[in-house]
Structure formats: structure tokens, C-alpha cells
Amino acid sequence: MIHISKRVSMPKWQGWLIRLAAVGIALLVNAALIYALTKLNPIRVYITMFQGAFGTQRRIWNTLADTAMLLCIGVGLAPAFKMKFWNIGAEGQILVGGLASAACMIYFKSIPSGILLLIMFILSGLAGGIWGAIPAVSKVKLNTNETLFTLMMNYIAIQLTSYFVALWENPKGSNCVNIINPDTNIGWFPAVFGRQYLLNVVIVMIMVVLMYLYLKRTKHGYEIAVVGASKSTARYAAIDVNKVTIRTVSLSGAICGIAGFIAVAGQSHTISTNTAGGKGFIAIIVAWLSKFNTFVMILVSLLLVFLDKGAREIASKFNINDHMSKMIMGIILFFILGSEFFINYKINSVKSEKKEVK
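Residues numbered from 1 in each chain as written. Predicted model: local features only at pLDDT ≥ 70, side-chain atom pairs only at ≥ 80, totals over all residues. Heavy atoms only, no water.

Asks: In this structure, what is going on with a nonpolar patch on the surface? I would like to understand it.
Replies: A surface patch of nonpolar side chains, amounting to about 1,100 Å² of accessible area, comprises Tyr-107, Phe-108, Leu-118, Phe-121, Ile-122, Leu-123, Leu-126, Ile-130, Ile-134, Tyr-163 and Leu-167. At seven residues, helix 5 (residues 113–142) tops the list of elements feeding residues into the nonpolar patch. Note on placement: Ile-122 falls in helix 5. (Patch = residues over 30% accessible without salt bridge, like charges linked within 9 Å, V, L, I, M, F, W, Y side chains within 5 Å. Areas by Shrake-Rupley, 256 points an atom, 1.4 Å probe, with all protein chains shown as cover. Salt bridge = Lys/Arg side-chain N within 4 Å of Asp/Glu carboxyl O. Helix = DSSP H or I, 4+ residues; strand = E, 2+ residues; numbered from the N terminus.)

In C-alpha cells:
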């Protein structure tokens, strides 16, 4: 009775209108579900969600810091995904970047903090870049499956982190590293204008702008787009596909490694197997929904962080099951992701198509 066909194009304003409509429908569905299961006022629940993310200055800055972290990883995934190299290894790249930063804080704490932060930045990016280059080289040389390879690299990084957590255990027997350099704050991001997380946001916003320009305005960005569209076309255009693949995935890993640097130096000031916290997988949604546009990633990252913090707040304030709060978040995400189908495809009835043919 129906025929689904891919849209040739759609005006951007229509696409955003469909996404907004999806959010509105999701809120209505959630409202009905909340009242049916808990008898709570849905409007009160939504206000509580907002307060959970933006209710106080501290919450606002925590939300911005978490958004910056997720955004940084999304920016890192963008070039690899645009090239259709499915880098699922952001978690591992974050961890090795965080390990490099933590090692610098532990072993080089006699160096002035400003110089140490620069060293940490470089080494974290280098560690993440190498971690990303390994599956890239394997892909171009042995034609391995990058999805599985990068996914398995995550587990290696987790075990590597576990080893160093045991090595750096402080205090002994605690099974954790604890806060590094709590007395001197060596290797910590300094507060800027009295704001603890302002530097996190500034660094990531600079990366957002640079990555946008890199993908849209440079020869490398053009090569990434061509390789992603068709490797055969790229080779016909005399583009070295193998070189572009290794270079791009190394860059992707390096930025994810820098995310590990931000997590250790700018937020937690320690290292553990939970430093990435699943953000490497959530950032896949960020990159995909934004169509690899780093400025759109800002909105998507903020939305996902808001939903997460809002879900936790309503679970805490109304003493409802945590699964219920996650369900609310999941329904909103489901409708947002589902809206992409209607943006990319159109549905026609068979009868209407027959009339058009006549």
C-alpha cells in the first residue's frame, strides 16, 4: 500500500521543523506515560528536569563541562565518520589520552603547571592518535573490519588502564588512584575569571571552529569527503586513499585523546576505567545526528547532557525508579532519531504514485 523512496533534498528549515515536531510529540507521549504510571504532574516533572541541568550556577557549569567533553569526542569522530571509517574506539582513545595526562601529573609534577599542561595536551593527543592509527593501518594493509577492530581496542585500553590504576594506587589498598596532586593542583586546569570549567569550554569551542574549517575549507577536508563518497572516485582523482585513511583516523583518535586530557586535567583530576564513562558511544549519536557539522554538534551534545541530568534529577526528587527516568530520556531520543527517517525518506501511497504515472 505504501512506497518508501529516498529524498533527493529537503530545505534545512523543513528538516529542523520535523525535528522540533518530533521533540514535541515525544514530550506529549512522555507526559501521558508519566501521568499513567506515577500520577505526577508532567509539567512539574519537566520543570524538575530543567532544574537538574540549569537550576543553580554550579549545575549550569557542570552541564557545560559535560557538554564540552561530549562535544570534543563528537568533533573527534566527525572526520573518521565522514570518511565512512566507523571508529567505535573513542572510549579506548579517551582512556589512553587520560593515561598519558595522569602519568605526566604523577611523574613530572616538579615542572611548572603551565608547561606541564602543554606537555599533557601534546602527549594525550599523540597517545590517542597512535591508538587510532593502529586499526587504520590494519584496515589499509589487511582490509580488517574497522568496527570490530576499534571496538576491541576499547577493551585493551580498559585493561591497560586497570594495570596503571593498580600501579598508581593511592592510598594502597584503595583500588583507585584518587585525586592527583590535591595539595599543589599541578596539572589541573586553572580557574578562569573564577570559573572552574571555563577553560574546558574554551578549548573545545576552539576545536569546534578548527574542525569545521578543516572539513569545509581545506584540501584534506575535500579528500575526506571524496573518499567517504566513493573510494573508486577518489583513486580516479589521484587521491591516496590509504594515506588519507591513516591520517584521518589518527586525527580522530588524537582529538579523542585530547578529550581524555580534558577529563583528567579539567574535571576529575584522576584516572580510572570509568574516565570515558560511555561518552565515546554517546558521541556517535552526536556525530550522526549533526551530519558531521561541528556547530550543530553543540546543540545535540547539550540536549543529550540535559536529558541525562534531567533524568537523574527526577529519579532523585520524586523517588521514582531509575528505569522510569531512563525511559523518558529514551523516548525523546527515539523520536529524535526517528525524525531523521522522515527527513531522508518520503512515503507515498501506491495509488498516488500510479496517478502520477498516468
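Here the narrative resumes.
Asks: How should I be thinking about unusual backbone geometry in this particular structure?
Replies: Leaving glycine out, the prevailing phi sign among residues is negative, and the prevailing peptide bond configuration is trans. With an omega of -5°, the peptide bond running from Asn-170 to Pro-171 counts as cis. Phi at Asn-181 is positive, roughly 55°, even though this residue is not glycine. Here Asn-181 lies in the loop between helix 6 (146–167) and helix 7 (198–217). Of note, Phe-193 is a non-glycine position whose phi angle comes to about 55°, a positive value. Exposure remark for Phe-193: the relative accessible area of 79% places this residue in the exposed category. (Buried < 20%, exposed > 50% of the residue type's maximum accessible area, 1.4 Å probe, protein only.)

Asks: What should I look at first to understand the nonpolar core in this one?
Replies: Within soluble globular proteins, side chains that are nonpolar tend to cluster in buried spots. Core analysis: the biggest nonpolar cluster contains 84 residues, and Ile-73, Met-120, Phe-261 and Ile-262 have the highest contact counts within it. Other than its neighbours up to four places away in sequence, Phe-261 contacts Gly-97, Gly-98, Ser-101, Leu-117, Met-120, Phe-121, Ser-124, Phe-189 and Gly-266. Among the nonpolar cores identified, the runner-up in size contains seven residues, and Leu-95, Ala-100, Trp-131 and Ala-157 belong to it. (Core = buried A, V, L, I, M, F, W, Y, C linked by side-chain atoms within 4.5 Å. Contact = heavy atoms within 4.5 Å.)

Asks: How should I be thinking about the packing of helix 5 against helix 10 (residues 241–268) in this particular structure?
Replies: Between two packed helices, the angle of one axis relative to the other and the distance separating the axes together describe the packing. In the contact formed by helix 5 and helix 10, the axes pass within 6 Å of each other and the chain directions differ by 140°. At the point where helix 5 passes helix 10, the crossing takes the right-handed sense. Residues Leu-117, Met-120, Phe-121, Ser-124, Gly-125, Gly-128, Gly-129, Gly-132, Ala-133, Ala-136, Val-137 and Val-140 of helix 5 form the contact with helix 10, whose participating residues are Asn-242, Thr-245, Ile-246, Val-249, Ser-250, Gly-253, Ala-254, Gly-257, Ile-258, Phe-261 and Ala-265. Broken down by class, the residue content of the contact of helix 5 with helix 10 amounts to 13 nonpolar, ten polar and no charged. (Axes fitted to C-alpha atoms, helices over the stretch in contact; angles between N-to-C directions. Left-handed = near helix turned anticlockwise from the far one by under 90°. Nonpolar A, V, L, I, M, F, W, Y, C, P; charged D, E, K, R; others polar.)

Asks: Is there a simple way to explain the packing of helix 12 (residues 294–317) against helix 13 (residues 322–344) in this structure?
Replies: Contact geometry of helix 12 with helix 13 gives a least axis separation of 8 Å together with a crossing angle of 155°. In this view, helix 12 runs roughly antiparallel relative to helix 13, as classed from their interaxial angle. For the pair helix 12 and helix 13, the sense of crossing is right-handed. Here Leu-303, Leu-304, Leu-307, Asp-308, Ala-311, Ile-314 and Ala-315 of helix 12 come into contact with helix 13, specifically with Asp-322, Ser-325, Lys-326, Ile-328, Met-329, Ile-332, Leu-333 and Ile-336. In the contact of helix 12 with helix 13, the residues fall into eleven nonpolar, one polar and three charged. (Parallel < 35°, antiparallel > 145°, perpendicular 65-115°, else oblique.)

Asks: Would you take a moment to explain the packing of aromatic side chains for this structure?
Replies: Aromatic ring pairs are defined here through the distance separating the ring centres and the angle between the ring planes. Inspection of the entire model under this criterion finds twelve aromatic pairs. Plain terms: the ring middles of Phe-50 and Phe-54 are 5.2 Å apart, the flat faces sit at 45° to each other, and that makes the pair tilted. Of this pair, Phe-50 and Phe-54 both sit in helix 2 (residues 42–54), four residues apart, roughly one helical turn. Judged by its relative accessible area of 24%, Phe-54 is partly exposed. (Phe/Tyr/Trp six-rings, centres within 6.5 Å; stacked < 30°, edge-to-face > 60°.)

Asks: Explanation requested: the environment of Gly-257 in the structure shown.
Replies: One can find Gly-257 in helix 10. Under the relative-accessibility criterion, Gly-257 is labelled buried at 0%. It is 17 Å that separates the C-alpha atoms of Gly-257 and Phe-164, two residues lying 93 residues apart in sequence. Not counting chain neighbours up to four residues away, the residues in contact with Gly-257 comprise Gln-93, Gly-97, Gly-98, Ser-124 and Gly-128.

Asks: Could you clarify how one ought to interpret the environment of Arg-235 in this entry?
Replies: Along the chain, Arg-235 turns up in helix 9 (residues 231–236). Residues Arg-235 and Ala-31 lie 204 residues apart in sequence; the distance between their C-alpha atoms is 53 Å.

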